[in-house]
Amino acid sequence: MSERCVHPEVVNVLRHTLKFETDITAVFDGATTDGSPRSKLTTTFLGLAHEHWLSLRVLMAEGLSHSAIGLLRLQFEATLKGFWVHFVATDPWIEKASVIREVNDHLVEPDLPNVSEMLKDVERAAPPKAFALLDQFKSVAWRQLNSFVHGGMHALANFGGEFPAAFLVQIVANANGVYGLAATLAGSLSTDPQRIQRAIVAQRAHPECLPPFTNSPLPQP
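In this convention, every chain numbers its residues from 1, walking through the sequence in written order. The predicted nature of this model means local features are confined to residues of pLDDT at least 70 and side-chain atom pairs, given and counted, to a pLDDT of 80 or more, with totals for whole chains, interfaces and linings taken over all residues. Excluding hydrogens and water, the side-chain figures rest on all heavy atoms present in the structure.

## A word on the pattern of salt bridges
Quick reminder of the rule: Throughout this description, the term salt bridge denotes a Lys or Arg side-chain nitrogen within 4 Å of a carboxyl oxygen of Asp or Glu. Helix and strand assignments come from DSSP, with helices taken as H or I runs of at least 4 residues and strands as E runs of at least 2, each series counted from the N terminus. With a 1.4 Å probe rolled over the protein chains alone, any residue whose accessible area is under 20% of its type maximum counts as buried; one over 50% counts as exposed, and the rest are partly exposed.
Under the criterion given, the structure shown has 6 salt bridges. When the shortest N-O distance is used, the salt bridge between Arg 57 and Glu 21 registers 2.7 Å. Placement of the pair is Arg 57 in helix H2 (residues 37-61) and Glu 21 in helix H1 (residues 8-26), with a sequence separation of 36 residues. In terms of burial, Arg 57 and Glu 21 fall into one category: buried. Three or more residues joined by partner-sharing salt bridges are found here, namely Arg 73, Glu 77 and Lys 81.

## Details of the environment of Leu 14
Inclusion rule: Throughout, a residue-residue contact means that at least one pair of heavy atoms, one from each residue, lies within 4.5 Å.
With respect to the helices, strands and loops of the structure, Leu 14 is situated in helix H1. With 43 residues separating them in the primary sequence, Leu 14 and Arg 57 have C-alpha atoms 7.0 Å apart. Non-local contacts of Leu 14, meaning those with residues more than four positions away in its chain, are made with Arg 57, Met 60, Ala 61 and Val 172.

## What about H2?
Condition: How far a helix is expected to stretch is found by multiplying one less than its residue total by 1.5 Å.
In this model H2 runs 36 Å from its N-terminal to its C-terminal C-alpha over 25 residues, within 8% of the 36 Å that 1.5 Å per residue would give. Looking at the buried positions of H2, the neighbouring elements they touch are H1, helix H3 (65-87), helix H4 (91-97) and helix H8 (165-189).

This is how it looks when you write it as structure tokens:
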């Protein structure tokens, strides 16, 4: 197995991301929610998204970029589900999804709309800015990310070679942007409404590792 090298530009954006993480994590120190089943389930999805974000960065730091890129899709999907649960899911759905059930030794998955349907639901209920960013990501990046997840041509065409550093930097930046969206949702769960604005301020303080709103979420390598 050949030794993997990590481009200095990727190392740099990962270092800036650590500072961003420190600042935005501090926003939620001691934060509490209303303790409702909806808040708890939303928080669970945001926790999954956070784990995917951390894992993406670990893989990027090791030069395992194909697997890292695939995690961006998982991070986005978990974040979108968090928005859907918070703004759209009915109380009966929340009640069913909050209970772990088994049938014939298999966990019963709660019925969920697909990603496109969830986005349509979120458009009707969530803040317009949040929906616009979620929708932009989906429309530009979803097909390419699926290719990386499922071993399609985007993955095959680049395996064994090197991605341009600018492409990998943009992947990390967009993962940070998706986490920023998750952080604003976490702020809306808090009993302290000021945390939403503090989460936004923390993002604006780190433009060096976050995507401008005008950038495509997943440029071509």
